[in-house]
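Structure at a glance
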Amino acid sequence: MKMREEFEAWVSGRQVCKKYGATLKKDNVGSYLDYRINDRWLAWQASRAALGDSLPKRREPYYGKVGYGPYGEGWNECLDVVEEVLKNA
């Protein structure tokens, strides 16, 4: 629901609503009646879904003769921060 609210706040300030009078009315399955708004909604959802698909794998923070050691820990901590930012986006 948060994603839709963010989308509607964003799109209501765009020219498609201001200049062309597109509305945010939806049908009974949640699609926007105006095709211009609905197309933007589909693109918005796809862009959000793609954000989480592109993260690299976590590293094993192994401290033996071979391994990533502190680098692996830092790598994983960075991924934690990125995942949190993406989740809140």
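Look up a bit, the structure's there.
Per-chain numbering applies: the sequence of each chain, read as written, is numbered from 1 onward. Selection of residues for local features in this predicted model requires a pLDDT of at least 70, selection of side-chain atom pairs for listing and counting requires 80 or more, and totals for whole chains, interfaces and linings are taken over all residues. Neither water nor hydrogens contribute to the side-chain values; these are computed over all heavy atoms in the structure.

With that out of the way, let us pick up the packing of aromatic side chains. Classification of ring pairs uses Phe, Tyr and Trp, with its six-membered ring standing for Trp, and accepts pairs whose centres are within 6.5 Å; under 30 degrees between planes counts as stacked, over 60 as edge-to-face, and the remaining range as tilted. Inspection of the entire model under this criterion finds 6 aromatic pairs. Relative to Trp 10, the ring of Phe 7 lies with its centre 6.2 Å away and its plane at 40°, an arrangement referred to as tilted. In this pair, Phe 7 and Trp 10 are both assigned in helix α1 (residues 2-11), 3 residues apart and thus about one turn of the helix distant. A relative accessible area of 35% places Trp 10 in the partly exposed class. For the ring pair Phe 7 and Trp 44, a centre distance of 5.5 Å and an interplane angle of 65° mean the geometry is edge-to-face. Here Phe 7, found in helix α1, pairs with Trp 44, found in helix α3 (residues 35-53); they are 37 residues apart in sequence, far enough to count as distant. In this scheme, a residue with accessible area under 20% of its type's maximum is buried, one over 50% is exposed, and one in between is partly exposed, where area comes from a 1.4 Å probe on protein chains only. Residue Phe 7 is classed as buried on the basis of its relative accessible area of 0%. Taking relative accessible area as the criterion, Trp 44 reaches 14% and is therefore assigned buried. These aromatic residues form a ring-pair network of at least three members: Phe 7, Trp 10, Tyr 32, Trp 41 and Trp 44. Helix numbering and strand numbering both begin at the N terminus, where a helix is a DSSP run of H or I of at least 4 residues and a strand a DSSP run of E of at least 2.

Any two side chains of opposite charge can pair, so long as their charged atoms come close to each other. A pairing counts as a salt bridge when a side-chain nitrogen of Lys or Arg comes within 4 Å of a carboxyl oxygen of Asp or Glu. Inspection of the entire model under this criterion finds 5 salt bridges. Among the salt bridges present, the one from Glu 8 reaches Lys 26, with a minimum N-O distance of 3.1 Å. In this pair, Glu 8 sits in helix α1 while Lys 26 sits in the loop between α2 (15-18) and α3, placing the two residues 18 residues apart along the sequence. The exposure class assigned to Lys 26 is partly exposed, which follows from its relative accessible area of 38%. One continuous salt-bridge network, built from bridges that share partners, spans Arg 58, Asp 80 and Glu 83.

Note that every value here comes from positions in space, so none of it alone points to a role or purpose.
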